[in-house]
Amino acid sequence: MDFLQSLTTIASITPDRPWGLDVPNYFWFTGSSAAAFIISSFAHVFGMRKYKPIAGFSLLLAFVLLAAAPFNLIDDLRQPGRILNFFAYGWENFLTSPMKWGVLLLLAYPLLILFEALVLYRPFFVRQAESARSAFAGRWFRMMALGNMRTDEASLARDEKRGLILGIIGIPLALSVHGYTGYILGVVHANPLWSTPLMPILFLASAMVSGTGLLIILLPLVQKFFTPMGRVDGDMMRELARLLGWFIIIDLVIRFFWLTFAMPFAGEERFVLQAFFQHHFFDVVYIEYLLCLFVPLAIAFSPLARRTGWVFAAGLIAAVGVWLFRWNTVIGGQTIGRTATGFLEYSPHWFGQGSITAVMANWGVFIALLALVMVLFPWDKEMAVHYKGGSHGEK
């Protein structure tokens, strides 16, 4: 009987990866969403008025990223109907199941962001309702204004207070919605690359880099095409560059602790990790660290940060670098063989579920949702002038 059980166990082991491209892409989306929300909270919660010009857009970006992210999970399931199993089963193990945490977080967090956006943009929807040219448009904007058409100082003060409360509640939710993905990997003791209590912190630190990088990429496009002024705020780009630099430093420090604990002190598993990093030496050292972290860091704290083009490049490289970190962690961790020496190989396919085309389609969904949200939540001239003044009038 023992022999048959052992034979069945060995026969069930397959080199196929349970997780493909969808999962690192999902991790990247949720992490960038958390970072965008935190940056929006700098203005609404922490009173850092210099971030007021981008607080609204950053909040909307956090919502769109979270709205697009679950499509990766649905595609990864192969059978979309299986998504119902997340809600129907497993609640008896809620406290010890990070995936069950994710079910509640993916429901509560985007709803909170959406409600906060409606509260903070309510004065804009009131003006739109009052100037609507059709009854349908008027009813639509009144609904978006949550039925409150008052714009006196007391009502605006209440909006600010509600935004503050929602922001305070949203910060731990934002951290949790990406931190739980680190738990999903960190609790897998059989994988030496994943099994570390630092994994949630690693994911959160790198997420702040990717979210800031994405803001740097999108902000010039939004300011150019969605604002009445039609020009890029160079001061804000430089501020985001400095912010990106500090987040990269934090990310590097945490990765330093991770690697210096794992490589020398992981027992027999340290030999596996050393072999893994030797196998991926070029990808990790030259691309992920030197190109995608140290180069943006150098740009952020050099005179090059005064040029929008260089800041844009730094944000793009940093965001791509974090995606590669998700790839090397999720996919790379699964290349560590369990029953044989050496490493497994993985070549993503172009078409079908879990393919390169599926991930590109998910990015298409993200872009479409972002364009739709920017149409529904535009910056009108009055708001742009107010934000501009708030940006430079207060620090």
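All residue numbers refer to position in the chain's written sequence, counted from 1. Reporting of local features is limited, given that this is a predicted model, to residues whose pLDDT is at least 70; pairs of side-chain atoms are given and counted only at 80 or more, and all residues count toward the totals for whole chains, interfaces and linings. To obtain the side-chain values, all non-hydrogen atoms of the structure were included, while hydrogens and water were left out.

**So, the overall build of the protein chain**
Here is step 1 of the chain: Scanning the protein chain from N- to C-terminus turns up 16 helices and zero strands.
Here is step 2 of the chain: Only protein chains enter the accessibility calculation, which uses a 1.4 Å probe; a residue is then buried when its area is under 20% of its type maximum, exposed when over 50%, and partly exposed in between. Expressed as a percentage of its 395 residues, the buried residues of the protein chain come to 48%.
Here is step 3 of the chain: Relative to all contacts within the protein chain whose residues are 6 or more apart in sequence, the contacts with residues 24 or more apart total 78%.
Here is step 4 of the chain: Using a 1.4 Å probe, the Shrake-Rupley method yields the accessible areas, and only the shown protein chains count as cover for residues. Element-wise, carbon and sulfur atoms account for 69% of the exposed surface of the protein chain, whose accessible area totals about 19200 Å². The numbering of helices and of strands both runs from the N terminus, where a helix is a DSSP run of H or I of at least 4 residues and a strand a run of E of at least 2. Contact criterion: two residues are considered in contact whenever any of their non-hydrogen atoms come within 4.5 Å of each other.

**Description of the side chain of Asp76**
Here is step 1 of the chain: Along the chain, Asp76 turns up in helix α4 (residues 70-76).
Here is step 2 of the chain: Judged by its relative accessible area of 16%, Asp76 falls in the buried class.
Here is step 3 of the chain: Those residues in contact with Asp76, other than ones at most four positions away along the chain, are Pro18, Trp19, Gly20, Asp22 and Val23.

**Remarks on the environment of His189**
Here is step 1 of the chain: Residue placement: His189 occurs in the loop between α9 (153-186) and α10 (199-225).
Here is step 2 of the chain: Overall, His189 belongs to the exposed group, its relative accessible area being 63%.
Here is step 3 of the chain: In this structure, His189 is in contact with Ser195 and Glu269, ignoring residues within four places of it in sequence.

**Things to note about the confidence of the model for the protein chain**
Here is step 1 of the chain: Confidence per residue, as judged by the predictor, is encoded in pLDDT with a range of 0 to 100. Chain-level pLDDT for the protein chain is 83 on average; 88% of the residues reach the 70-or-more range.
Here is step 2 of the chain: Of all helices and strands in the protein chain, the one with the weakest mean pLDDT is helix α16 (residues 381-393) (42), whereas helix α13 (residues 281-300) scores best (93).
Here is step 3 of the chain: Throughout residues 3-15 the model reports pLDDT below 50, and contacts reaching past four residues in sequence, or to other chains, amount to two contacts.
Here is step 4 of the chain: Here residues 380-395 scores under 50 on pLDDT; set against residues more than four positions off or in separate chains, the count is 27 contacts.

**What about the packing of aromatic side chains?**
Here is step 1 of the chain: To pair, rings of Phe, Tyr and Trp, with the six-membered ring standing in for Trp, must have centres within 6.5 Å; the planes then decide the type, stacked if under 30 degrees apart, edge-to-face if over 60, and tilted in the middle. Enumeration according to the criterion identifies 25 aromatic pairs in this entry.
Here is step 2 of the chain: Aromatic side chains Phe282 and Tyr286 sit 5.5 Å apart centroid to centroid with 40° between the ring planes, which places their arrangement in the tilted category. Here Phe282 and its partner Tyr286 are both found in helix α13, four residues apart, which amounts to about one turn of the helix.
Here is step 3 of the chain: Residue Tyr286 is classed as partly exposed on the basis of its relative accessible area of 43%.
Here is step 4 of the chain: Pairwise contacts between aromatic rings join Tyr26, Phe27, Phe203, Trp258, Phe276, Phe277 and Phe325 into one cluster.
Here is step 5 of the chain: Two thresholds decide whether a charge sits over a ring: the Lys NZ or Arg CZ must be within 6 Å of the ring centre and within 35 degrees of the ring normal. The lysine or arginine in question, Arg326, covers the ring of Phe203, its NZ or CZ lying 4.4 Å from the ring centre.

**Quick notes on the environment of Lys50**
Here is step 1 of the chain: Tracing the sequence through the fold places Lys50 in the loop between α2 (22-44) and α3 (52-68).
Here is step 2 of the chain: Taking the C-alpha atoms as reference points, Lys50 and Asp235, 185 residues apart in sequence, are found 9.7 Å from one another.
Here is step 3 of the chain: Identification of polar contacts relies on pairs of N or O atoms within 3.5 Å, with a donor-acceptor requirement for protein atoms, meaning one able to donate a hydrogen and the other able to accept it, and with residues adjacent in sequence counted only if both atoms are side-chain atoms. A polar atom in the side chain of Lys50 sits 3.2 Å from the side chain of Glu239.

**Remarks on the packing of α9 against α10**
Here is step 1 of the chain: Working convention: axes come from line fits to C-alpha atoms, limited for helices to the stretch in contact. Angles between N-to-C directions cover 0 to 180 degrees. Between α9 and α10, whose axes approach to 7 Å, the crossing angle comes to 135°. The orientation of α9 with respect to α10, classified from their angle, is oblique. Where α9 crosses over α10, the handedness of that crossing is right-handed. Of the residues in α10, those touching α9 at Leu175, His178, Gly179, Thr181, Gly182, Tyr183, Leu185 and Gly186 are Met199, Pro200, Phe203, Leu204 and Ala207. In these notes the angle categories are as follows: under 35 degrees is roughly parallel, over 145 is roughly antiparallel, 65 to 115 is roughly perpendicular, and the rest is oblique. Each crossing gets its handedness from the near helix: less than a right angle anticlockwise from the far helix is left-handed, clockwise is right-handed.

**What to know about the nonpolar core**
Here is step 1 of the chain: We call a set of buried Ala, Val, Leu, Ile, Met, Phe, Trp, Tyr and Cys residues a nonpolar core when their side-chain atoms join them within 4.5 Å. If you look at the biggest cluster of nonpolar residues, it comprises 107 residues, and the most contacted ones within it are Phe37, Leu61, Tyr109, Phe125, Phe366 and Phe377.
Here is step 2 of the chain: Contact partners of Leu61, with chain neighbours within four places excluded, come to Ala36, Leu214, Leu215, Leu218, Phe366 and Leu370.

**Comments concerning the pattern of salt bridges**
A side chain of one charge can pair with a side chain of the opposite charge if their charged atoms are brought near each other.
Here is step 1 of the chain: One speaks of a salt bridge when a side-chain nitrogen belonging to Lys or Arg is within 4 Å of a carboxyl oxygen belonging to Asp or Glu. Under the counting rule described, the total for this entry stands at nine salt bridges.
Here is step 2 of the chain: When the shortest N-O distance is used, the salt bridge between Asp152 and Arg150 registers 3.2 Å.
Here is step 3 of the chain: Since its relative accessible area comes to 27%, Asp152 is described here as partly exposed.
Here is step 4 of the chain: Note that Arg162 is salt-bridged to Asp159, the shortest N-O span being 3.9 Å. Linking Arg162 with Asp159, this pair stays in helix α9, spanning three residues, or about one helical turn.
Here is step 5 of the chain: Residue classification places Arg162 among the partly exposed positions, given a relative accessible area of 41%.
Here is step 6 of the chain: Relative accessible area serves as the criterion here: at 5%, Asp159 is assigned to the buried category.
Here is step 7 of the chain: Here the salt bridges share partners, and the residues they tie into one network are Lys50, Glu239 and Arg242.

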